[in-house]
Amino acid sequence: GKSEGGRRMVSYEEGASFAKENGLIFLETSAKTSENVEEAFIKTAERIYENILSGAYDVTNENMGIKVGMASNANAAGGKSAGKEGGGGCC
């Protein structure tokens, strides 16, 4: 990642090595340009799905932290209905 000044805080090699050693996905992303941000979410979702298919996650056990099904609008918006006045969005 980079600091606000644009200087790299962690080298690519250090990040990639840490991810590999810990079985993690590694992608460099940029909040400024949004480069690889969507890809990071997609790759994470794919990995979760692969783990569900392989049986690594037991979706019948809510203690695993996975709930099968789509969230309702109220749940997805933190208990507020999406699209109501007062805005929305995250930040």
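The model shown is predicted, which means the values in this text are computed figures rather than measured ones.

Another aspect to go through is the overall build of the protein. Helices and strands together make up the secondary structure of the protein, namely three helices and zero strands. When the helices and strands of the protein are listed from N to C terminus, the series reads α-α-α. Out of the 91 residues belonging to the protein, those deemed buried represent 5%. Contacts in the protein between residues far apart in sequence, at least 24 positions, make up 2% of those at least 6 positions apart. With an accessible surface of roughly 8,000 Å², the protein has 51% of that area assigned to carbon and sulfur atoms.

The predicted model of the protein has a mean per-residue pLDDT of 80, with 70% of residues at 70 or higher. Per-element confidence in the protein is highest for helix H1 (residues 12-21), whose mean pLDDT is 95, and lowest for helix H3 (residues 73-76), whose mean pLDDT is 54.

Before going further, it helps to examine the packing of aromatic side chains. This model, assessed by the stated rule, comprises one aromatic pair. Each ring, one from Tyr12 and one from Phe26, has its centre 5.1 Å from the other, and the planes form 75 degrees; the classification is edge-to-face. Of this pair, Tyr12 sits in helix H1 while Phe26 sits in the loop between H1 and helix H2 (37-54); the two residues are 14 residues apart in sequence, bridging distant segments of the chain. Among the residues examined, Tyr12 registers a relative accessible area of 42% and is labelled partly exposed. The class for Phe26 is partly exposed, based on a relative accessible area of 29%.

Turning next to the side chain of Ser30. With respect to the helices, strands and loops of the structure, Ser30 is situated in the loop between H1 and H2. Exposure remark for Ser30: the relative accessible area of 17% places this residue in the buried category. Looking at Ser30, its side chain comes within polar contact range of the main-chain nitrogen of Lys32, at 3.2 Å. Not counting residues within four places of it along the chain, the set of residues in contact with Ser30 comprises Glu35 and Val37.

Conventions we followed
Residues numbered from 1 in each chain as written. Predicted model: local features only at pLDDT ≥ 70, side-chain atom pairs only at ≥ 80, totals over all residues. Heavy atoms only, no water. Helix = DSSP H or I, 4+ residues; strand = E, 2+ residues; numbered from the N terminus. Buried < 20%, exposed > 50% of the residue type's maximum accessible area, 1.4 Å probe, protein only. Contact = heavy atoms within 4.5 Å. Areas by Shrake-Rupley, 256 points an atom, 1.4 Å probe, with all protein chains shown as cover. pLDDT = per-residue confidence, 0-100. Phe/Tyr/Trp six-rings, centres within 6.5 Å; stacked < 30°, edge-to-face > 60°. Polar contact = N/O pair within 3.5 Å; in protein donor to acceptor, adjacent residues only side chain to side chain.

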